Amino acid sequence: MSSATLHVIRYLATQRLQTAAVLLKLSQTAACTAQAILHRFCETQEIGENDVSAVARACLYLGAKIEEDARPLREIITVFDRIDKRRKGEPLELLDYSSDEYAALRHQTVELEREVLCELGFHLHCEREHPHKLAMSYLRVLELPQLMQAAWSCANDSLRTPCCVRYPANVVACGCIAFAARHAAVSLPDDPPWWHLFCDPETEESSLHGVLMELARLHAWQAQRGAA
Amino acid sequence: MAGGASAASAAVGGGRAAAGAGAAAAAGAGAGAAAGAAAGVSAAAASPGALPSPHPLSLYHVFGRIGEGTYGVVYVATTLSSASGGSASSAAGHPPQKRAELLAGARGADNGAGGSLCALPHVADEDGAAEVGHPRTGASSAGTQRKLALKLLKPTKEFDGVSPTAVREMALLRELNHPHVLRLEAVHVHVEEHVLCMVFNYAEYDLYELIRHHRERLAKSPISLHTVKSLLWQVLQGVEYLHSQWVIHRDLKPSNILVTSEIALGGGGMVKIADFGLARIFQAPLRPLHDNGVVVTIWYRAPELLLGARHYTPALDVWAVGCIFAELTALRPLFQGHEVRRSGAPFQKDQLMRICELLGAPTEEIWPTLGHLPHWAANDENVVAAASEASNSALAEARKRRRLNASTPTPGEPPPLLADAAAMGRGSSAHYLLSKMLTFDPSARLTAQGALNDTYFSLEPIPGRNALRPPEGTGAAVSYPPRRVHTEDRGMPQSSEPAQQQQRGNK
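Residues numbered from 1 in each chain as written. Chains lettered and ligands numbered in written order. Predicted model: local features only at pLDDT ≥ 70, side-chain atom pairs only at ≥ 80, totals over all residues. Heavy atoms only, no water.

Considering the overall build of chain B
Logical step 1: Helix and strand counts for chain B come out as 15 helices and 11 strands.
Logical step 2: Contacts in chain B between residues far apart in sequence, at least 24 positions, make up 69% of those at least 6 positions apart.
Logical step 3: Accessible surface computed for chain B: about 20,900 Å², of which carbon and sulfur atoms make up 55%. (Helix = DSSP H or I, 4+ residues; strand = E, 2+ residues; numbered from the N terminus. Contact = heavy atoms within 4.5 Å. Areas by Shrake-Rupley, 256 points an atom, 1.4 Å probe, with all protein chains shown as cover.)

Laid out in structure tokens, this is it:
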């Protein structure tokens, strides 16, 4: 599969996951952790377009548990089923919990959850550090509170991209700030460059560029989908 | 990959990127398995000493059951010869896809051969005939098998995937590495059977059994001062490490503090803190910690929890360690309250009264935030008056029995009744340390680090690395009975006693 397709698969999976998290009234932390898990899983497993919902479902189920915001499996399956039906334009009928279809979904989710746990080697606490709070404290240092909302949204967006598995959280946080500032046409201190405060100037500049590329790529994809 | 995917196998890498990379390399082992996943899962294949196949337990030579609770069952076992690779699996009578793949050798590649059970050399073959020493113990120990404890989690009733408790315990244990924290060696996941099995190093004793042995078998002869001090020292070292890693254990009690026997790898008489089912990370908690329901077995529960505190702090572990300290010296639990068993989180008044009897009633003077604690503020069950009442009547009782010389406890001195209850000399360094660990105000309570720096530990006898072996020339070591292993009734259904009693009874 081409790298572009792989990216799109991740976008779709994380989008469905995020939508479900909102519908389930899950904390954003749970959603972010679930997305980070999904990206880690995608690093090793090739996911076809038909598996997107299944993987997103299992990751969200697990992420909610890790962040102590667990939801019954039935609720998670119901919400994902509704999202899928809406996407396909099918009538929004509730799943019949005694049906074979429901039993199969349940079985699939439980198995996938285990598979994800295995793939991650049960290392589940390493994605606890999300870029959000770093971005907020950096903006406080930079005295740019007006960028906080936009940077927060970018931080959420960054979890839709593979940034969380490729770059450290401090670099991702800086990327979010830079991206938010660009959109708001706010200039950031240039001399010395502001991000030298939060990232290593020697080694992390290319990573910072990488984060910005990923964010731009996501936004381009979304704009294109919006237009289509 | 959706649907009938079988067990995947993952070598353990280091950080987030490595975890992925390692898994890719090892994925081959499980890759061919998907096809056969749906068929014949329950096909019986007799395997000596193991539960019905295909099962994680069939990867080990299981001796018997050593404990059970609501979470599942704990078995003691040694490794089989066939713990590596597909050919060995076939030899054991199971097609590879039916076997639980070994998922996570616990500590990564830096451990050399010991890191993953896959890499273990044969300890005993299927029939237990050949025995080869473990690489770490060297050739001289040929014949000593490396014992393991297998914690087999019950499949959840509602078929609801891995329980949040198990997820939490495994995730934490994967990150922890300390000589006084029980090491997670491996995790087996069997995808089709929904079986989850955690593999730990085996520890022969636990404090509950040690204390019981002295109380019931040795006519209440006290545990030697050296042993008490060493055990406490090691427990505090472990707790201090957990707290430095931002982990609160939340369920410390004697049956969760294991001690290794002489033949154990890494040395005998070593404390191993176990059972992290309730432990959690307390760094930047976004949700109030009390949302998980109230925790900590009631006898070891800190007063702030009894009074309905909503945020947990490491101080509650220190309280529990204090209670364990007193239990080691007095051979019986320090605060044996009657538990109110009701749904929700009922106010455990009796437990709090036991505490007040020995320590006096708390006041806002010694505990400034007392007024903010729900049960105290609402004066539930008239707790404020009852606390002073309990404290005063305990003092009066003691005076009647002429155990108390002073008419009132002196401020600044540790509570005298505490020394009596804990069988410590009044005003001894142990008494002082205990009273500082059992301070009402959690923010004023000694930290684990503070306790380790206490003068108690710098006085003779100095705590040792082997808690069960006294220093040269100070008498013989007590020999404790090994853990009881139930071999006959392995298939019996689990009893439905309350969890707390079960745990105590079986550990």
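A few points about the packing of aromatic side chains
Here a ring pair, both rings aromatic, is described through the centre-centre distance and the interplanar angle of the planes.
Logical step 1: Applying the stated criterion across every chain, the model contains 10 aromatic pairs over all chains.
Logical step 2: Measuring from centroid to centroid gives 5.4 Å for Phe325(B) and Tyr456(B), while their planes differ by 55°, and the two rings are tilted. Here the residue Phe325(B) occupies a position in helix 8 (residues 315–330), and Tyr456(B) occupies one in the loop between helix 14 (448–452) and helix 15 (499–506), the gap between them amounting to 131 residues. You'll find Phe325(B) and Tyr456(B) in the same group, each marked buried.
Logical step 3: One aromatic cluster is present, built from ring pairs that chain together Trp233(B), Phe325(B), Tyr456(B) and Phe457(B).
Logical step 4: Arg74(A) extends its terminal NZ or CZ atom over the ring of Tyr97(A), reaching a point 4.0 Å from the ring centre.
Logical step 5: Directly above the aromatic system of Tyr456(B) lies the positively charged group of Lys229(B), at a separation of 4.6 Å from the ring centroid. (Phe/Tyr/Trp six-rings, centres within 6.5 Å; stacked < 30°, edge-to-face > 60°. Buried < 20%, exposed > 50% of the residue type's maximum accessible area, 1.4 Å probe, protein only. Lys NZ or Arg CZ within 6 Å of the ring centre and 35° of its normal.)

What to know about helix 10 (residues 205–227) of chain A
Residues and elements named next belong to chain A.
Logical step 1: With 23 residues, helix 10 extends 33 Å from end C-alpha to end C-alpha; this agrees with the ideal 33 Å at 1.5 Å per step.
Logical step 2: When we look at burial in helix 10, the residues that qualify are Ser207, Leu208, Gly210, Val211, Glu214, Leu215, Leu218 and Trp221.
Logical step 3: Those residues of helix 10 that are buried lie in contact with helix 1 (3–23), helix 7 (148–158), helix 8 (163–166) and helix 9 (169–184). (Expected span 1.5 Å × (residues − 1).)

Quick notes on the nonpolar core
Among soluble globular proteins, nonpolar side chains are generally buried collectively.
Logical step 1: Counting 154 residues, the largest nonpolar core has Leu60(A), Leu236(B), Phe325(B), Leu334(B), Phe335(B), Leu433(B) and Leu438(B) as the members making the most contacts within it.
Logical step 2: No other element matches the 11 residues that helix 3 (residues 52–66) of chain A contributes to this core.
Logical step 3: Ranked by size, the runner-up nonpolar core spans 32 residues in total, among them Cys176(A), Ala180(A), Trp194(A) and Leu208(A). (Core = buried A, V, L, I, M, F, W, Y, C linked by side-chain atoms within 4.5 Å.)

What to know about the packing of helix 6 (residues 225–244) of chain B against helix 8 of chain B
Residues and elements named next belong to chain B.
Logical step 1: Between helix 6 and helix 8, whose axes approach to 10 Å, the crossing angle comes to 170°. When the axis of helix 6 is compared with that of helix 8, the two are roughly antiparallel. Along its contact with helix 6, which presents Val228, Leu231, Leu232, Val235, Leu236, Val239 and His243, the element helix 8 presents Asp317, Val318, Val321, Phe325, Leu328 and Thr329. (Axes fitted to C-alpha atoms, helices over the stretch in contact; angles between N-to-C directions. Parallel < 35°, antiparallel > 145°, perpendicular 65-115°, else oblique.)

Here we look at the domain arrangement of chain A
How big an interface is tends to be expressed through the accessible area that disappears when the partners come together.
Residue and element names in this part refer to chain A.
Logical step 1: The assigned domain composition of chain A is domain 1 (3–119) and domain 2 (131–227).
Logical step 2: Taking the mean C-alpha position of each, domain 1 and domain 2 sit 27 Å from one another.
Logical step 3: Carbon and sulfur atoms supply 58% of the area buried between domain 1 and domain 2, which totals about 1,400 Å² over both sides.
Logical step 4: When the area that domain 1 buries against domain 2 is broken down by residue, the three leading residues are His7, Tyr11 and His39, summing to 41%.
Logical step 5: Summed over the shared surface of domain 1 and domain 2, the number is 1 salt bridge.
Logical step 6: The salt bridge involving Arg166 is made with Glu43; its shortest N-O contact spans 3.1 Å.
Logical step 7: Viewed at the interface, domain 2 and domain 1 are joined by 9 residue pairs in polar contact (both at pLDDT 80 or more).
Logical step 8: Secondary-structure elements contributing two or more residues to the side of domain 1 that touches domain 2 are helix 1 and helix 2 (28–44).
Logical step 9: When residues in the side of domain 1 that touches domain 2 are grouped by element, the largest group, 9 residues, is from helix 1.
Logical step 10: Residue composition of the side of domain 1 that touches domain 2, grouped by class: 6 nonpolar, 7 polar and 3 charged. (Domains from an automatic or database assignment. Buried area = accessible area lost by both parts, 1.4 Å probe. Salt bridge = Lys/Arg side-chain N within 4 Å of Asp/Glu carboxyl O. Polar contact = N/O pair within 3.5 Å; in protein donor to acceptor, adjacent residues only side chain to side chain. Nonpolar A, V, L, I, M, F, W, Y, C, P; charged D, E, K, R; others polar.)

What to know about the sheet that holds strand 7 (residues 205–206) of chain B
Residue and element names in this part refer to chain B.
Logical step 1: Strand order in the open sheet formed by 3 strands is 7-9-10, with antiparallel pairing between adjacent strands. With partners counted over all chains shown, the strands left at the sheet margins are strand 7 and strand 10 (271–273), one partner each.
Logical step 2: Relative to strand 10, strand 9 (residues 257–259) runs antiparallel, the two being bridged by 3 bridges. Bridged to Val259 within strand 10 is Val271.
Logical step 3: In the packing of helix 6 onto the sheet, the strands contacted are strand 9 and strand 10, and the crossing angle to strand 10 comes to about 35°. (Pairing = 2+ DSSP bridges.)

With respect to the confidence of the model for chain B
Residues and elements named next belong to chain B.
Logical step 1: The predicted model of chain B has a mean per-residue pLDDT of 71, with 65% of residues at 70 or higher.
Logical step 2: The lowest-confidence element of chain B is helix 3 (residues 85–91), averaging 30 in pLDDT; the highest-confidence one is helix 14, averaging 96.
Logical step 3: Low pLDDT, under 50, characterises residues 1–53; the stretch is placed with 105 contacts to residues that sit more than four places away or in other chains.
Logical step 4: Among the scores for the predicted complex, ipTM is 0.74 and pTM is 0.74. (pLDDT = per-residue confidence, 0-100.)

Quick notes on the pairing of strand 1 (residues 60–68) of chain B
Residues and elements named next belong to chain B.
Logical step 1: Burial analysis of strand 1 places 7 of its 9 residues in the buried class, which makes it a mostly covered element.
Logical step 2: For strand 1 and strand 2 (residues 72–79), the ladder comprises 7 bridges, and the chain directions are antiparallel. Residue pairing for strand 2: Tyr60 is matched across the bridge by Thr79.

Describing the packing of helix 8 of chain B against helix 13 (residues 429–437) of chain B
All names here are of chain B.
Logical step 1: In contact at an axis separation of 8 Å, helix 8 and helix 13 are set at 145° when each is read in the N-to-C sense. By crossing handedness, the relation of helix 8 to helix 13 is classed as left-handed. On helix 13, the residues touching Val318, Trp319, Val321, Gly322, Phe325 and Ala326 of helix 8 are Ala430, Leu433, Leu434 and Met437.
Logical step 2: Per-class residue counts for the contact of helix 8 with helix 13 are 9 nonpolar, 1 polar and no charged. (Left-handed = near helix turned anticlockwise from the far one by under 90°.)

Some points on unusual backbone geometry
Logical step 1: With an omega of 0°, the peptide bond running from Asp191(A) to Pro192(A) counts as cis.
Logical step 2: Its place among the elements puts Pro192(A) in the loop between helix 9 and helix 10.
Logical step 3: Residue Asn382(B) is not a glycine yet carries a positive backbone phi of 55°.
Logical step 4: On the secondary structure map, Asn382(B) appears in the loop between helix 10 (374–377) and helix 11 (383–400).
Logical step 5: One non-glycine residue, Ala423(B), lies in positive phi territory at about 55°.
Logical step 6: Turning to its location among the elements, Ala423(B) is positioned in the loop between helix 12 (416–421) and helix 13.
Logical step 7: For Ala423(B), a relative accessible area of 54% translates into the label exposed.

Digging into the UniProt feature "domain: Cyclin-like" (unreviewed entry) in chain A
All names here are of chain A.
Logical step 1: When the UniProt feature table is mapped onto this chain numbering, "domain: Cyclin-like" (unreviewed entry) sits at residues 15–118 and 133–217.
Logical step 2: Note that residues 15–118 is 73% helix and 0% strand, and that its end C-alpha atoms are spaced 24 Å apart.
Logical step 3: Note that residues 133–217 is 64% helix and 0% strand, and that its end C-alpha atoms are spaced 23 Å apart. (UniProt positions renumbered as here; feature names shortened; annotations may be inferred.)

Notes on the pattern of salt bridges
Logical step 1: Within the structure shown, the criterion is met by 20 salt bridges over all chains.
Logical step 2: Put simply, Glu397(B) and Lys400(B) hold a salt bridge, and the shortest N to O gap is 4.0 Å. Within this pair, Glu397(B) and its partner Lys400(B) are both found in helix 11, separated by 3 residues, close to a single helical turn.
Logical step 3: Residue classification places Lys400(B) among the exposed residues on the basis of a relative accessible area of 68%.
Logical step 4: Salt bridges here are not isolated pairs; linked through shared partners, they connect Arg10(A), Glu43(A) and Arg166(A).

Details of the side chain of Glu204(B)
Residues and elements named next belong to chain B.
Logical step 1: Mapped onto the elements, Glu204 comes out in the loop between strand 6 (195–201) and strand 7.
Logical step 2: Classification of Glu204 as buried rests on a relative accessible area of 11%.
Logical step 3: At 3.2 Å, the side chain of Glu204 and the side chain of Tyr202 are in polar contact.
Logical step 4: If we skip the residues at most four places from it in the chain, Glu204 touches Lys147, Val259, Thr260, Ser261, Pro482 and Arg483.

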